[in-house]
Amino acid sequence: MANESSALLPSAREAFEESNVDASKKYHDNKHSNSNSSNKEETWHQTEGGFLKPIIFGGLDGILTSFAIVAGAAGGGLSPEVVLVLGFSNIFADALSMGVGEFLSSKATNEWILSERKREQWEMENYPEGEIQEMIDIYKDKGMSHDDAKLVIETLSKYKEFFVDLMMTQELELQVPDDDHVQESMREGVVMFLSFATFGAMPLLGYVIIPASFPQLGNDALFKAACIVTGLVLFFLGSLKSKFA
């Protein structure tokens, strides 16, 4: 019964979008009293937003690359068969390059962040007073009094692993990746590849469907169809981006 009632409550995102303070209070009260629903909500949020960058980036790059090929081929008077060969071969190669590049760049960034964390951890183990004073100065720069900053930092420094992560975000402005960061980077690379290939293939679909369904139409109709599809896909990607804005 508790799960059914919690499922009817709006999410924190919905409460924010509707400027509904009461709904936000109910969500947070329910979150603290029901840990299971809390974990599900946080997982949904991270999953939805985490792949937004490779989807949008890969989709835009794919659709514009494909349209440039179609426009160049149409201007050169190439046959639909040649357009399809050039288009799909180029889209596959670029999608593979983008996917691998996303994976390697994300993995390299995470490994660099973890190396910085090891350095901060070493400094905390060998000279904790200096690290604590640095954090006190940072909190004072954010507007806290010296006494309050000293109390907060000295309390947090008792929890060394947490404090090192806090130093990473406050001092270096770096987010420590999760333990499965390699798998996460691989998922981002796969999403980038699929997004580039899927959206990049859109302008080429007209060169497959229209000649089979309407053989009487000429090459001008194929190019116009590619323009329309490109515009619709760009509108869709813009709408997807605005959903999380």
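Presented here is an overview of the structure given in this document. (Residues numbered from 1 in each chain as written. Predicted model: local features only at pLDDT ≥ 70, side-chain atom pairs only at ≥ 80, totals over all residues. Heavy atoms only, no water.)

1. Describing the overall build of the chain
Going by this rule: Each helix is a run of H or I in the DSSP string that is no shorter than four residues. Each strand is a run of E no shorter than two, and both are numbered from the N terminus. The contact rule is simple, with two residues in contact once any of their heavy atoms fall within 4.5 Å.
Scanning the chain from terminus to terminus reveals 11 helices and 0 strands. Ordered by position from N to C terminus, the α and β elements of the chain give α-α-α-α-α-α-α-α-α-α-α. Long-range pairs, those at least 24 residues apart, make up 75% of the contacts in the chain between residues at least 6 apart in sequence.

2. Looking at the nonpolar core
Spelled out, the test is: Only buried residues count toward a nonpolar core. Its members are Ala, Val, Leu, Ile, Met, Phe, Trp, Tyr and Cys residues joined through side-chain atoms within 4.5 Å. Throughout, exposure labels follow a simple rule: accessible area from a 1.4 Å probe, protein chains only, divided by the maximum for the residue type, with under 20% read as buried, over 50% as exposed, and the rest as partly exposed.
One finds Val70, Val83, Phe196, Leu204 and Tyr207 to be the most contacted residues of the largest nonpolar core, which totals 15 residues. Looking at this core, the elements that each hand over two or more residues are α5 (52-75), α6 (80-126), α10 (181-213) and α11 (219-243). In this view, Tyr207 contacts Val70, Pro80, Val83, Leu84, Leu222, Phe223 and Ala226; residues no more than four positions away in its chain are not counted. Listed in part, the 13 residues of the second largest apolar core include Met124, Ile132, Ala149 and Ile153.

3. Some remarks on the packing of helix α7 (residues 128-141) against helix α9 (residues 160-170)
Put simply, the rule is: Interaxial angle, 0 to 180 degrees, is taken between N-to-C directions of lines fitted to C-alpha atoms, where a helix line uses only the stretch in contact. With respect to orientation, any angle under 35 degrees is reported as roughly parallel, any angle over 145 as roughly antiparallel, any angle of 65 to 115 as roughly perpendicular, and every other angle as oblique. Take the far helix as your reference; a near helix turned counterclockwise from it by less than a right angle gives a left-handed crossing, and one turned clockwise gives a right-handed crossing.
It is the contact of α7 with α9, at a shortest axis distance of 11 Å, that shows an interaxial angle of 45 degrees. The angle between the axes of α7 and α9 places the two elements in the oblique class. Crossing of α7 against α9: the hand is left-handed. Residue-level contacts link Glu131, Ile132, Met135, Ile138 and Tyr139 of α7 to Phe163, Leu166, Met167 and Gln170 of α9.

4. Focus: unusual backbone geometry
Positive phi, close to 55 degrees, is recorded for Glu173, a residue that is not glycine. Topologically, Glu173 is positioned in the loop between α9 and α10.

5. Considering the packing of α6 against α10
Between α6 and α10, the shortest axis-to-axis distance is 8 Å and the interhelical angle comes to 160 degrees. By the angle between their directions, the pair α6 and α10 is classed as roughly antiparallel. Handedness of the crossing formed by α6 with α10: right-handed.

6. Description of the pattern of salt bridges
It is possible for side chains of opposite charge to pair when their charged atoms get near one another. Heads up, the rule is: What makes a salt bridge here is a side-chain nitrogen of Lys or Arg within 4 Å of a carboxyl oxygen of Asp or Glu, nothing more.
All chains considered together, the criterion is met by 10 salt bridges. Its salt-bridge partner being Arg187, residue Asp180 comes within 3.6 Å of it at the nearest N-O pair. We note a salt bridge from Glu184 to Arg187, for which the minimum N-O separation is 2.6 Å. Remark: Arg187 and Glu184 occur in helix α10; sequence separation between them is 3 residues, near one turn of the helix. Note on Glu184: relative accessible area 27%, which makes it partly exposed. Under the relative-accessibility criterion, Arg187 is labelled partly exposed at 37%. Each of Glu116, Arg119, Glu120 and Glu123 takes part in one network of salt bridges that share partners.

7. As for a nonpolar patch on the surface
Here is the rule we go by: In this analysis, a patch consists of residues with relative accessible area above 30% that form no salt bridge, clustered at 9 Å for like charges and at 5 Å for the nonpolar side chains Val, Leu, Ile, Met, Phe, Trp and Tyr. Per-residue and other accessible areas follow the Shrake-Rupley method at a 1.4 Å probe size, with only the shown protein chains counted as cover for residues.
A cluster of nonpolar side chains, namely Phe88, Leu205, Val208 and Ile209, defines an oily patch on the protein surface of about 330 Å² accessible area. Tracing the chain through its elements places Phe88 in helix α6. Judged by relative accessible area, Phe88 falls into the partly exposed class, the value being 36%.

8. Observations regarding the packing of aromatic side chains
The description of two aromatic rings rests on the distance between their centres and on the angle between their planes. Heads up, the rule is: Stacked, tilted and edge-to-face are the three classes assigned to paired rings of Phe, Tyr and Trp, where Trp is represented by its six-membered ring and a pair needs centres within 6.5 Å; plane angles under 30 degrees give stacked, over 60 edge-to-face, the rest tilted.
Within this structure, the stated rule accounts for 3 aromatic pairs. Judged by centre distance (6.2 Å) and plane angle (85 degrees), the rings of Phe92 and Phe193 are edge-to-face. A residue pair is termed long-range when its members are at least 10 positions apart, and Phe92 in helix α6 and Phe193 in helix α10 qualify at 101 residues.

By themselves these figures say nothing about function.
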